[in-house]
Amino acid sequence: MAKRKVVIVESPAKARTINKYLGAEYVVKASMGHVRDLPQREFGIDIEHDFTPKYQVIRGKGDVITDLKRVVKSADEVYLAPDLDREGEAIAWHLKEVLGIPDDKTFRVTFNEITKAAILRAFQKPGKISQAKVDAQQTRRLLDRIVGYKISPLLWKKVTKGLSAGRVQSVAVRFIVDREREIQAFKSEEYWRLTARFKPAGAPGEEGAFDAELKRMGDAALDLHDEAGAAAAFEAVSR
């Protein structure tokens with residue numbers, strides 16, 4: 001008896017094309033993108049317990065989830081085929097979690113182009129979900145939420161309503177502010193250096209010439225802050 005194989009991609013257009021390439025042996029369905037995310041109207045991250053996220057089915061995706069559960073329930077193999085980037089890997093993982101697909105029935109396939117050769121090649125060597133990619137996407141998503149929920153209200157209070165803080169620009173602004181504070185705190189002071197130019201005896205012109213700076217006198221480092229000190233040091237080394 002032939003195995004019942006289900007494929008889940010992101011878009012209906014891809015589903016129709018891939019179904020045509022794979023044939024009647026496969027049932028190809030679309031998830032319509034992400035199916036789970038952090039809640040819209042609450043923080044959704046338990047910072048005190050290892051930053052555990054609270055995921056929920058995205059509003060409007062209930063019918064999609066119900067249909068996919070019905071299809072995968074009797075499947076012998078489920079091939080998750082969202083895009084091959086971190087978002088796609090996360091979609092595949094969320095689908096597996098929401099639909100309750102066992103590990104031994106779950107396979108991950110990726111491809112760079114929607115051509116028959118690329119699709120058939122991908123399904124010849126299916127893999128597993130990359131937890132590293134999933135973790136990378138989750139980290140980025142949680143950072144977006146933490147920064148957005150913790151810093152955006154400050155922007156509303158200090159600047160204007162409707163602004164949102166991001167994980168990248170917020171850190172960049174901090175770097176700029178810290179650097180500007182360093183610049184403002186800088187106190188200029190007079191500083192002198194003693195240098196001499198040396199060249200091999202008998203060498204023509206500047207051939208082999210080099211400059212050297214006087215850094216120490218005896219055991220003490222040379223620290224010159226006025227013309228008088230520089231003149232005294234010059235006289236001492238000129239004797």
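For the structure itself, look to the data block above.
No experiment lies behind these values; they were computed from the predicted model shown. (Residues numbered from 1 in each chain as written. Predicted model: local features only at pLDDT ≥ 70, side-chain atom pairs only at ≥ 80, totals over all residues. Heavy atoms only, no water.)

Draft legend 1. Focus on the nonpolar core. By size, the foremost hydrophobic cluster in this structure holds 26 residues, and its most contacted members are Ile 8, Val 78, Leu 80, Leu 95 and Leu 99. Listed by contribution, the elements that provide at least two residues to this core are strand E1 (5–9), helix H2 (62–73), strand E7 (77–80), helix H3 (86–99) and helix H5 (131–158). Ranked by residue count, the leading element in this core is H3, at six residues. Filtering out sequence-adjacent residues up to four positions away, Leu 99 remains in contact with Ile 8, Ile 65, Leu 68, Lys 69 and Val 72. Judged by nonpolar contacts, the second largest core, of 16 residues, contains Ala 15, Ala 81, Phe 107 and Ile 119. (Core = buried A, V, L, I, M, F, W, Y, C linked by side-chain atoms within 4.5 Å. Buried < 20%, exposed > 50% of the residue type's maximum accessible area, 1.4 Å probe, protein only. Helix = DSSP H or I, 4+ residues; strand = E, 2+ residues; numbered from the N terminus. Contact = heavy atoms within 4.5 Å.)

Draft legend 2. Spatial organisation of the pattern of salt bridges. With the rule as written, the count across this model stands at 16 salt bridges. Two residues, Asp 103 and Lys 96, come together in a salt bridge whose shortest N-O distance is 2.6 Å. For Asp 103, a relative accessible area of 55% corresponds to the exposed category. Note that Glu 182 is salt-bridged to Arg 179, the shortest N-O span being 3.0 Å. Residue Glu 182 and its partner Arg 179 are located together in helix H6 (residues 167–185), separated by three residues, close to a single helical turn. Salt bridges sharing partners connect three or more residues here, namely Lys 29, Asp 67 and Arg 70. (Salt bridge = Lys/Arg side-chain N within 4 Å of Asp/Glu carboxyl O.)

Draft legend 3. Expanded view of the side chain of Gln 138. In this fold, Gln 138 is placed in helix H5. If near-sequence neighbours (up to four positions away) are discounted, Gln 138 is found in contact with Pro 53, Tyr 55, Trp 93 and Gln 131.

Draft legend 4. View of the packing of aromatic side chains. Taken as a whole and judged by the stated rule, the model has seven aromatic pairs. Their ring planes at 70° and their centres at 5.6 Å tell us that Tyr 26 and Phe 123 sit as a pair that is edge-to-face. In this pair, Tyr 26 is assigned in strand E2 (residues 26–30) and Phe 123 in helix H4 (residues 116–124), connecting sequence segments 97 residues apart. Phe 123 carries the same exposure label as Tyr 26, and that label is buried. With a centroid separation of 5.9 Å and an interplanar angle of 50°, the aromatic rings of Phe 43 and Tyr 149 are classed as tilted. Placement of Phe 43 in the loop between strand E3 (36–37) and strand E4 (45–46) and of Tyr 149 in helix H5 is noted, with a sequence separation of 106 residues between them. What links up through ring pairs into an aromatic cluster is the set Tyr 26, Tyr 79, Phe 107 and Phe 123. Taking NZ or CZ as reference, Lys 128 lies 4.4 Å from the ring centre of Phe 107, over its face. The ring of Phe 43 is capped by Lys 150, whose NZ or CZ atom sits 4.9 Å from the centre of that ring. (Phe/Tyr/Trp six-rings, centres within 6.5 Å; stacked < 30°, edge-to-face > 60°. Lys NZ or Arg CZ within 6 Å of the ring centre and 35° of its normal.)

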